[in-house]
Amino acid sequence: MNTATETTLPGVAAVSALPAIGAAYGGGIFAGITLHEDKLHALVLLADDGEDMEWPDALEFAAKRDGVLPSRIDMIVLYKNLRDQFRKTWYWTSEEHPVNADYAFVQLFGGGLQGYGHKGHDCRARAVRRVAI
């Protein structure tokens, strides 16, 4: 018995129905597949690139666009698939530093580095939407 051809994996049909990376989808641009709360999601990059702002303002910026700041995993997908949609500078993620709540993680689109910055510093912001698949 060849289980590889006889078994259907959950979500395969939904994934195969997604558009090409870079295509319009869900009110933005389809960026690829991400993992959120241990489940696969389609990642959608929303319009608008927020000017330099502190982390609390970046959270608000994303919420006003009916989205959220990207997670660190989302940022890896965005850097890999849609980096041309970003300036070559630092962008806020939604994730706080696990030890020091005064800091949050950031992504550099000029070189792919992830690190963390003080929430009072200015970084750019982009909003995303995750669509469960």
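Look above for the structure.
The model shown is predicted, which means the values in this text are computed figures rather than measured ones.

### So, the overall build of the chain
Part 1 of the reasoning: Per the secondary structure count, the chain includes four helices and nine strands.
Part 2 of the reasoning: Secondary structure elements in the chain, listed N-terminal to C-terminal, are α-α-β-β-β-β-α-α-β-β-β-β-β.
Part 3 of the reasoning: Over its C-alpha atoms, taken along the principal directions, the chain stretches across nearly 60 × 35 × 25 Å.
Part 4 of the reasoning: In the chain, which comprises 133 residues, the proportion classed as buried is 37%.
Part 5 of the reasoning: The contacts of the chain with a sequence gap of at least 6 include a subset with a gap of at least 24, amounting to 56%.
Part 6 of the reasoning: Total accessible area on the chain stands at roughly 7500 Å², and carbon and sulfur atoms take up 54% of it.
Part 7 of the reasoning: Across the chain, the mean location of the 13 positive side-chain charges is 5 Å away from that of the 17 negative side-chain charges.

### So, the sheet that holds strand β2 (residues 28-36)
Part 1 of the reasoning: Sheet architecture is open: four strands sit in the order β1-β2-β3-β9, paired in antiparallel fashion. Strands at the two margins of the open sheet, each flanked by one partner only, are β1 (24-25) and β9 (128-132).
Part 2 of the reasoning: Seen against the sheet, helix α4 (residues 72-82) touches β2, β3 (39-45) and β9 and runs at an angle of roughly 140° to β2.

### Remarks on the pattern of salt bridges
Part 1 of the reasoning: One pass over the structure, following the stated rule, counts eight salt bridges.
Part 2 of the reasoning: Measuring nitrogen to oxygen at the nearest pair gives 2.8 Å for the salt bridge that ties Asp74 to Arg130. Pair noted here: Asp74 is in helix α4 and Arg130 is in strand β9, with a separation of 56 residues, a long-range link. You'll find Asp74 and Arg130 in the same group, each marked buried.
Part 3 of the reasoning: Here Glu96 makes a salt bridge to Lys119, at a shortest N to O gap of 2.2 Å. Of the two residues, Glu96 is situated in strand β5 (residues 90-96) and Lys119 in the loop between β7 (114-118) and β8 (123-125); the sequence distance between them amounts to 23 residues.
Part 4 of the reasoning: Judged by its relative accessible area of 13%, Lys119 is buried.
Part 5 of the reasoning: Shared partners join several salt bridges into a network, and the residues in it are Asp49, Glu51 and Arg124.

About the cut-offs
- Residues numbered from 1 in each chain as written.
- Predicted model: local features only at pLDDT ≥ 70, side-chain atom pairs only at ≥ 80, totals over all residues.
- Heavy atoms only, no water.
- Helix = DSSP H or I, 4+ residues; strand = E, 2+ residues; numbered from the N terminus.
- Buried < 20%, exposed > 50% of the residue type's maximum accessible area, 1.4 Å probe, protein only.
- Contact = heavy atoms within 4.5 Å.
- Areas by Shrake-Rupley, 256 points an atom, 1.4 Å probe, with all protein chains shown as cover.
- Lys, Arg positive; Asp, Glu negative; His and termini not counted.
- Charge placed at Lys NZ, Arg CZ, Asp CG, Glu CD.
- Pairing = 2+ DSSP bridges.
- Axes fitted to C-alpha atoms, helices over the stretch in contact; angles between N-to-C directions.
- Salt bridge = Lys/Arg side-chain N within 4 Å of Asp/Glu carboxyl O.

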